[in-house]
Amino acid sequence: MGQLQLWLSALEMGCFFGLLALAYYLVLVGAGFFNFAIGPYAMVGGLCTSYLVLYEDMNVWAAAAVAITAAAALAVVTELVVVRPVQRRSGGGELPALVAVAAVLFAIQQLGGYLFGYTTLPGQNLLTFDPVTVGDTVVQPSALVLLAFTVVAFAGLAVWIRSTRTGRLLRAVGDSTHAAGLLGLPVNRVRLIAFLLSGLLAGITGLLFAPKAGVSSLSGLSWALSGFLAMVVGGTGSVWAPLVGGLLLGAVEVFVPYYFGGQSHVYGLLIVALLFFALKPSGLFVRRVRA
Amino acid sequence: MGVSLTSRIVSCLALAALTVAGCGNKAENEKPSNGTASGAPIIIGLDEDSTGSGASYSTIAGKTIRLAIQDVNDKGGVLGRPLQLVVENDESDPTKVPAVLQKLAGQGAKALFLQSGSAAILQAKSTLTALGLPAIAPTGVTATLVAPPDNELIYMLANTTTDWAQVYCGAFKAANITKIGVLTDDTTTIAALDKALLPALSCVQIVATEKGAANASDLSAQVARLKNANPDAVLVTSVGGAFEVLAQNTLGSQMKGTKRFSLASIGNQPASWKLAAPGALEGLIFMGSINTANPRTQALVTLLKDKYGKDYDITAYDAQAWDSVHVLKLAIEKAGGVDDSKKLNEAIQSVKGYPATFGQANFTLSFGADKHLGADGPCGLSLIEFGADNKPKGPWATFQPPCVK
Amino acid sequence: MKRFPGSFGLLGGVVGAVLILLWVGADGYKQTLVTTTATYALIALGMYVPYLMAGSLSMAYGAYAGIGGYAVGLISTKSGLPLILAWVAGPIVAAAVAVLLGLATRRLSGFFLAAVTLLFGMAFTAWLVDAEGISGGSGGLGSLRKLDILGWQPSHYQVVVGCTVVVCVIAFLLDRLRMSPWGVIVRTMRDAPRAVEAAGVRVPVMNLVSLAIGAAIAAVGGGLFTYSAGSVTPDTFTLNLVFLAIFMPLIGGAATPWGAVLGAVIAVELTLNFPAVETSGTLILALGVLVILLVAPQGVIGYASRLTKLVGGRRG
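Rules of the game
Residues numbered from 1 in each chain as written. Chains lettered and ligands numbered in written order. Predicted model: local features only at pLDDT ≥ 70, side-chain atom pairs only at ≥ 80, totals over all residues. Axes fitted to C-alpha atoms, helices over the stretch in contact; angles between N-to-C directions. Helix = DSSP H or I, 4+ residues; strand = E, 2+ residues; numbered from the N terminus. Contact = placed C-beta atoms within 7 Å. Nonpolar A, V, L, I, M, F, W, Y, C, P; charged D, E, K, R; others polar. Core = buried A, V, L, I, M, F, W, Y, C linked by C-beta atoms within 7 Å. Buried ≥ 20, exposed ≤ 12 C-beta atoms within 10 Å, placed from the backbone. Pairing = 2+ DSSP bridges. Expected span 1.5 Å × (residues − 1). Bend = angle between axes of the 7 residues up to and from the residue. Parallel < 35°, antiparallel > 145°, perpendicular 65-115°, else oblique. Left-handed = near helix turned anticlockwise from the far one by under 90°. pLDDT = per-residue confidence, 0-100. UniProt positions renumbered as here; feature names shortened; annotations may be inferred.

(A) Expanded view of the packing of helix 4 (residues 95-116) of chain A against helix 9 (residues 219-234) of chain A. Residue and element names in this part refer to chain A. Axis separation between helix 4 and helix 9 bottoms out at 9 Å; the angle between their running directions is 145°. Judged by residue contacts, Leu-105, Ile-108 and Gln-109 of helix 4 engage Gly-220, Leu-221 and Ala-224 from helix 9. For the contact of helix 4 with helix 9, a count of residues per class yields four nonpolar, two polar and no charged.

Structure, rendered in structure tokens:
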């Protein structure tokens, strides 16, 4: 009886984690880089919308448009102003980029709090219709919208990567930036598109998930961690891998506390991370690269 | 060339951001003026978390502390002298607390209001002892804040968890509830509160206790476990905010029909009510402190509505902030000044029978050497029920705490 | 004339420390600023060895500082042992935990390591709240004893002086370590681990040693803070502090450990003692770090030394 509700919750959390992981995936494939600022972009998407609706009396759709644009703009700024110069200077080293992205994460978090306040704001629903009853459980509209967006986003990106020139370039550049540069491919443009898309995706995701538990300026860090874990668990073998990772993580988030109670999910996440990173750091789905 | 362009962009961005950050200080932090009082100012320190995790409730009380001080000054001040507020922000970060308190003391503060997260206030206790300054934590409800060690100088107003247990037990008895389930968050504040409250609920059997992270996005697992334990009612203990609302949303849909109780926080956070799904709070009973039959509450409501508009919802935080300022005013008058902080501390302890702005009409606050908690008896509390519009409907008809000690 | 290595940094550090101590005087607020700065500096110095020398970013430093803090709390409240032992026990336990965590994460680096250590820090806080019998639960430990070293009880000012001395000594030792053969190997390991491995050095062991040293230093800092503040709770050392500690060496200059100390001074100054921006010191700090990363990657000390070279070069 209660079980169905749990599966629905796991599905909702899984879609959320999966979408964040997809945003990671885009930047990772396109720019070979884990963009931890994905979480804060999503936070901006949610928090900015709520702020504009509640305090500036804006229409929900207009506010959402502004917030998503802001999230995408932040992503573009991250690439142009921070990641690109830092990577160029440090060559292949991972650490400077990691520190830079930590600074970006911290700065967006502080800026979000400064601009939109430090309190948790309620998420805004883009569509309002009556909750749907499945068996003896109720599914909120926001969950359905998130679910629908997940399907659209994943299917859309899968098609885009497979059948457009830019999509194929994305993989080519990600596989070997150096070689792509030598071949005269537009490396910088492709990277920028990857960041832009991931920012858009994260912004929308944050906005759609916010109605579930509200959003505050500090939500970004834990969202960033969850999305990262989901992406690592899924791997980069296919566009759909982040979704699988997200769903698995969603199930952990819901069923570990169900069977072990209380704080166990904190320990659970640590164990999942240790196990996966140690045993299968490339995730469940690995792309076979021809040698 | 590319590098210099980048650095130019960066400098511009940085400059813009710094301008925003430097000049954009929000207008709500206006300082109270001296009003009609003319003597040498009495400096009071306020440690207010205005940007950290405790900002959501600290700023409500901080605003009313300023309002109360303005009101006192407009009416001639204390002993003819105006109260002057110095404010520092600790961001609820315990490592910053000692420096913040020292800084307030360095600016001449003779008494302090601690309006921050409870981890920060706990960290403050030992510094207070070192400074020798008395302090009031206006909205504190955690008994450990005023319990030893280092509690000689710290005071709270509201009923603590011991009284709450008594009220809940009365309510459970009246509603024929024998088994309850508890859903709790993982914050320091609530862990300390649970430790005091749950053992005192000996009148019922606690069949399950489930904990979730304060920033959880999903609580369906915890609620499913509660449901399996089949309690007659569920008690949610949390600092409020998103966790409380998520808990109530989930309980409302998964355990429809089971009576729900909560602590005070949800009633004090009008902003959180909007977070709840339509009708999700209906029937929820919380431990309120605002009783509109209290004439002093009515007077404060009038004042607040004059200042902030008709839609302002008064909370216990407003009333407790107001009373904190007035208790301190009384103590300063009794001590004849603020130069001797030991005497001031004793003067706070000699405040007896102060009629409070929250609680029922005859509810009073008294302090003493062993009584660092002002509330006299449980009638500072009343059980309030939420209506279908997700707003408090009024006192719960089934049970109200009696006003005897 | 052959110069004593590290003396230049030490000279700067000591002059700075003396100036700070003169500025502080008997003012309680300024004294507390110094102990807070010393704590931040020690956590940043603790991160220095693994992060800037060995090139692996661990974010579990809140937990290590917490271990140092709880060592002081536990020895003070639950035993009759001399309190000074806390600064022996705390760093040892922290180093042991760091080694265990280092073993569990030995194949990780970069983003993976940062994520796992971040989760470890969160789990440690959760454990402190749960383990009521040991840690005093969410209320933490308070009412600590005063130090008593063979009958000598230092005053608050002497503790402040002690804090600055400890910071200077550790920064100096780290500076020496950085320039020692061991330090050169560790730093090469960051840039070319395979070459170092091929030269017969066991990279994993070196990594563990650097993690252990870092954790021990952070534990000293946590202990100092707990002692001077008089209590410790599970939330005393927050994630915010860990983020700040990553940025401090960048602000001051990553080339020498003294940069981390200077960064700590600037961070505390900006978030606690800068009246104009009291509501958003942390925001300015975060934006400042971004700017420094982009336009001034060498930090304050890097620029200062370039300036002195320029001046010196002209003279010569």
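Don't stop here, the text continues.
(B) Examining the nonpolar core more closely. Residues and elements named next belong to chain A. Of all hydrophobic cores here, the largest spans 347 residues; its most connected members are Leu-20 and Ala-103. Per-element accounting of this core gives the leading share, 17 residues, to helix 1 (residues 2-31). Apart from the residues within four sequence positions on either side, Leu-20 is in contact with Ile-38, Ala-42, Ala-202, Thr-205, Trp-223, Ser-226, Gly-227 and Ala-230.

(C) Quick peek at the sheet that holds strand 5 (residues 154-156) of chain B. Residues and elements named next belong to chain B. Taken in spatial order, the five strands make up an open sheet running 2-1-3-4-5, and their pairing is parallel. Where the open sheet ends on each side, the last strands, each with one partner, are strand 2 (83-88) and strand 5. Strand-to-strand, the axes of this sheet are offset by a mean angle of 25°, without reference to chain direction. Pairing geometry for strand 4 (residues 135-137) and strand 5, over three bridges, is parallel. Pairing of Ile-136 across the sheet is with Tyr-155, part of strand 5.

(D) Just the interface of chain B and chain A, in detail. In this complex, chain B contributes 33 residues to the contact, which on the side of chain A involves 30 residues. Put simply, the parts of the chain that give the side of chain B that touches chain A at least two residues each are helix 1 (2-23), helix 2 (55-74), strand 7 (205-212), helix 7 (220-229) and helix 8 (241-254) of chain B. Here the side of chain B that touches chain A is composed, by residue class, of 14 nonpolar, twelve polar and seven charged.

(E) Structural view of helix 11 (residues 239-252) of chain C. Residues and elements named next belong to chain C. The terminal C-alpha atoms of helix 11, which comprises 14 residues, lie 21 Å apart, in line with the 20 Å expected from a rise of 1.5 Å per residue. If you look at helix 11, its biggest bend is around 25°, right at Ile-246, and the proline Pro-249 turns up within four residues after that. Taking burial as the measure, the 14 residues of helix 11 include 13 buried ones, the bulk of the element. Positive backbone phi, at 130°, marks Gly-253, one or two positions downstream of helix 11.

(F) View of the sheet that holds strand 7 of chain B. Residue and element names in this part refer to chain B. Strand order in the open sheet made by the seven strands is 7-6-8-9-10-13-14, with mixed pairing throughout. The open sheet has two edge strands, strand 7 and strand 14 (392-395), and neither has a second partner. Across this sheet, the average inter-strand angle for adjacent strands is 25°, counted without regard to direction. As defined by bridge partners, strand 9 (residues 259-262) adjoins strand 10 (residues 285-288) across two bridges and the pair is classed as parallel. Residue pairing in the sheet places Phe-261 in a bridge with Ile-285 of strand 10.

(G) The environment of Gly-268 of chain A, seen in detail. All names here are of chain A. The topology assignment puts Gly-268 in helix 11 (residues 264-279). Using a count of 19 C-beta atoms within 10 Å as the deciding quantity, one classes Gly-268 as partly exposed. For Gly-268 and Pro-257, which are eleven residues apart along the polypeptide, the C-alpha to C-alpha distance reads 8.8 Å. Here Gly-268 is in contact with Val-252 and Val-256, once residues within four sequence places are set aside.

(H) Just the environment of Ala-254 of chain C, in detail. When you line up the elements, Ala-254 of chain C lands in the loop between helix 11 and helix 12 (257-272). In this structure, the C-alpha to C-alpha distance between Ala-254 of chain C and Leu-83 of chain C, residues 171 residues apart in sequence, is 34 Å.

(I) Just the interface of chain B and chain C, in detail. Of the residues lining the interface, 39 residues belong to chain B; the matching set on chain C comes to 39 residues. Class assignment for the residues of the side of chain B that touches chain C results in 15 nonpolar, 16 polar and eight charged.

(J) Looking closely at the packing of helix 5 (residues 141-163) of chain A against helix 8 (residues 187-213) of chain A. All names here are of chain A. Two elements in contact, helix 5 and helix 8, have axes whose closest approach is 8 Å; the angle formed by their N-to-C orientations is 160°. Classified by the angle their axes make, helix 5 and helix 8 are roughly antiparallel. Of the two elements, helix 5 crosses helix 8, and the hand of that crossing is left-handed. Residues Ser-142, Val-145, Leu-146, Phe-149 and Ala-153 of helix 5 form the contact with helix 8, whose own contacting residues are Leu-201, Ile-204, Leu-208, Phe-209, Pro-211 and Lys-212. A per-class count over the contact of helix 5 with helix 8 returns nine nonpolar, one polar and one charged.

(K) Inspection of helix 2 (residues 28-53) of chain C at higher detail. All names here are of chain C. If you check helix 2, its first and last C-alpha atoms are 36 Å apart, about what 26 residues at 1.5 Å a residue would give, namely 38 Å. Met-47 marks the point of greatest bend in helix 2, at about 40°, and the proline Pro-50 comes within the next four residues. The buried count for helix 2 comes to 25 of 26 residues, which makes it a mostly enclosed element. Immediately downstream of helix 2, the backbone of Gly-55 shows phi near 80°, a positive value.

(L) Expanded view of the pairing of strand 13 (residues 382-386) of chain B. Burial analysis of strand 13 of chain B places four of its five residues in the buried class, which makes it a mostly covered element. Between strand 13 of chain B and strand 14 of chain B, which pair antiparallel in sequence order, lie five residues; one of them, Asn-390 of chain B, sits at a positive phi of approximately 60°.

(M) Representation of unusual backbone geometry within the structure. Located in the positive-phi region is Asp-57 of chain A, a residue other than glycine, with phi close to 55°. Tracing the backbone shows Asp-57 of chain A in the loop between helix 2 (38-55) and helix 3 (60-90). You will see that Asn-390 of chain B, though not glycine, has its phi angle at about 60°, which is positive. By secondary structure assignment, the location of Asn-390 of chain B is in the loop between strand 13 and strand 14.

(N) How the structure looks around the confidence of the model for chain C. Chain-level statistics for chain C give a pLDDT mean of 82 and a share of 93% at 70 or above. Across the assembled chains, the prediction reports ipTM 0.80 with pTM 0.81.

(O) A look at the UniProt feature "transmembrane region" (unreviewed entry) in chain A. Feature annotation in UniProt places "transmembrane region" (unreviewed entry) on residues 6-26, 33-54, 60-83, 95-118, 138-161, 192-209 and 266-286 of chain A, given in this structure's numbering. For the annotated span residues 33-54 of chain A, helix accounts for 77% and strand for 0% of the residues, and the straight-line distance between the end C-alpha atoms is 36 Å.

(P) Just the pairing of strand 1 (residues 42-48) of chain B, in detail. All names here are of chain B. Where burial is concerned, most of strand 1 is hidden: six out of the seven residues are buried. Where strand 1 meets strand 2, six bridges bridge the pair, whose relative direction is parallel. Paired with Gly-45 across the two strands is Val-86, which belongs to strand 2. Both strand 1 and strand 3 (residues 111-115) contribute to a ladder of five bridges, which runs parallel. For Leu-46, the partnering residue across the bridge sits in strand 3 and is Phe-113.

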